Amino acid sequence: MFIDALGQEHQPAPTPRILSLVPSITELLFDLDLSKSLVGRTAFCVHPKELVKQVKSVGGTKQVNMDKVKALNATHLIVNIDENPKELVEELGEFIPNIVVTHPNAPEDNIELYKLLGNIFERRDQAARLISELQAARTHVQMSACDLPQKKVLYFIWKDPWMTIAPETYISRTLASVNLITQPVETDKRYPEVDLTSGILDEVDAILFSSEPFLFKDTHLAEFAETYNQPKDKLHIIDGEMTSWYGSRAITGLRYMVDFAGKL
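Overview of the structure. (Residues numbered from 1 in each chain as written. Predicted model: local features only at pLDDT ≥ 70, side-chain atom pairs only at ≥ 80, totals over all residues. Heavy atoms only, no water.)

### Some thoughts on the packing of helix α1 (residues 23-31) against helix α5 (residues 110-120)
Link 1 in the chain: Interaxial distance between α1 and α5 falls to 11 Å at its minimum, and their mutual angle equals 60°. In terms of orientation, α1 and α5 fall into the oblique class. For the crossing formed where α1 meets α5, the hand is right-handed. Contact with α1, carried on its side by Ile25, Leu28 and Leu29, involves Leu113, Tyr114 and Leu117 of α5 and no other residues of that element.
Link 2 in the chain: Looking at the contact of α1 with α5, its residues break down into six nonpolar, no polar and no charged. (Axes fitted to C-alpha atoms, helices over the stretch in contact; angles between N-to-C directions. Helix = DSSP H or I, 4+ residues; strand = E, 2+ residues; numbered from the N terminus. Parallel < 35°, antiparallel > 145°, perpendicular 65-115°, else oblique. Left-handed = near helix turned anticlockwise from the far one by under 90°. Contact = heavy atoms within 4.5 Å. Nonpolar A, V, L, I, M, F, W, Y, C, P; charged D, E, K, R; others polar.)

### A word on the sheet that holds strand β4 (residues 38-41)
The pairing of strands in a sheet comes from backbone hydrogen bonds and takes either a parallel or an antiparallel form.
Link 1 in the chain: With parallel pairing, five strands are arranged side by side in an open sheet as β5-β4-β3-β6-β7. Each end of this open sheet is capped by a strand with a single partner; those strands are β5 (56-57) and β7 (98-102).
Link 2 in the chain: When strand β3 (residues 18-20) meets β4, the two strands line up parallel, connected through two bridges. Of the residues in β4, the one forming a bridge with Leu19 is Gly40.
Link 3 in the chain: On top of the sheet, α5 reaches β6 (76-80) and β7; it is set at about 165° to β7, its chief contact. (Pairing = 2+ DSSP bridges.)

### A closer look at a negative patch on the surface
Link 1 in the chain: Residues Glu87, Glu90, Glu91 and Glu94 make up a contiguous surface patch of negative charge.
Link 2 in the chain: For Glu94, the position within the fold is in the loop between α4 (86-92) and β7.
Link 3 in the chain: Under the relative-accessibility criterion, Glu94 is labelled exposed at 67%. (Patch = residues over 30% accessible without salt bridge, like charges linked within 9 Å, V, L, I, M, F, W, Y side chains within 5 Å. Areas by Shrake-Rupley, 256 points an atom, 1.4 Å probe, with all protein chains shown as cover. Salt bridge = Lys/Arg side-chain N within 4 Å of Asp/Glu carboxyl O. Lys, Arg positive; Asp, Glu negative; His and termini not counted. Charge placed at Lys NZ, Arg CZ, Asp CG, Glu CD. Buried < 20%, exposed > 50% of the residue type's maximum accessible area, 1.4 Å probe, protein only.)

### A word on the pattern of salt bridges
Link 1 in the chain: For the structure on display, the rule yields seven salt bridges.
Link 2 in the chain: A salt bridge links Arg190 to Asp82; the nearest nitrogen and oxygen atoms lie 2.8 Å apart. You can see Arg190 sitting in the loop between β9 (180-182) and α8 (200-203) and its partner Asp82 sitting in the loop between β6 and α4, a full 108 residues away along the chain.
Link 3 in the chain: Overall, Asp82 belongs to the partly exposed group, its relative accessible area being 28%.
Link 4 in the chain: The residue Glu133 makes a salt bridge to Arg129 at a minimum N-O spacing of 3.5 Å. Taken as a pair, Glu133 and Arg129 lie in helix α6 (residues 124-145) at a separation of four residues, close to a single helical turn.
Link 5 in the chain: By relative accessible area, which is 34% here, Glu133 ends up partly exposed.

### Side note on the pairing of β7
Link 1 in the chain: By the criterion of burial, β7 is predominantly enclosed, with four of the five residues buried.
Link 2 in the chain: Relative to β7, β6 runs parallel, the two being bridged by five bridges. Opposite Asn80, over in β7, you have Thr102 as the bridge partner.
Link 3 in the chain: In this region the chain leaves β6, passes through α4 and returns to the parallel neighbour β7; the handedness of that crossover is right-handed. (Right-handed = clockwise from strand over helix to strand, strands pointing away.)

Nothing here speaks to function; it is geometry throughout.
Right under this line is the structure:
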């Protein structure tokens, strides 16, 4: 038996038909050599770019086309606590027998994620390879972080309203691995709105604008600098896939973070 993020037990599945509603895990399934078992994905599952086009899209991470999903005859549904609504998962569970729930909250949690999927879908060698690569990336980060100063950062994921991340999220802990400490340090929501009149802009060393889920561009930074009287060299676009995508993307993401933090 293998245990997922909700404590549910899963049996080994040598011939699964998998529907993934998590973009980063769709990429991970390819890296686990499960492309032939992946029968469905979301429109936001865009990696690996050429191969993923061969897998049927059933909609988004919050809403799907039920008729398309039913036609897949999936045996396994992979979801994430943060990304997929509970109500949607429960509805899909009425005709997909096995639901694998994931919830990594830090880069090191990917080790258990690799083990979970590698064991369920009998891809242990592939999972072991990814674990080795992740451990090497984490060691690189830990050694590099010794030379990186600690900085307070405000990380935007959305505008209208302006929204950021809580310290216990995967993104925040990824940034913390290179001494970038997200603000505010206390909040009762995982993705809180930010009051830009509270003085927080002057308290941080850098303001980061993520490329997803809102696609921030240079024009947004220029507008922000003028509207809120902030120096342009304090504002930076950051690759949201590298900070928020767990799975195999985390290996590249950690190395990206060392380079990014070194240039701040």
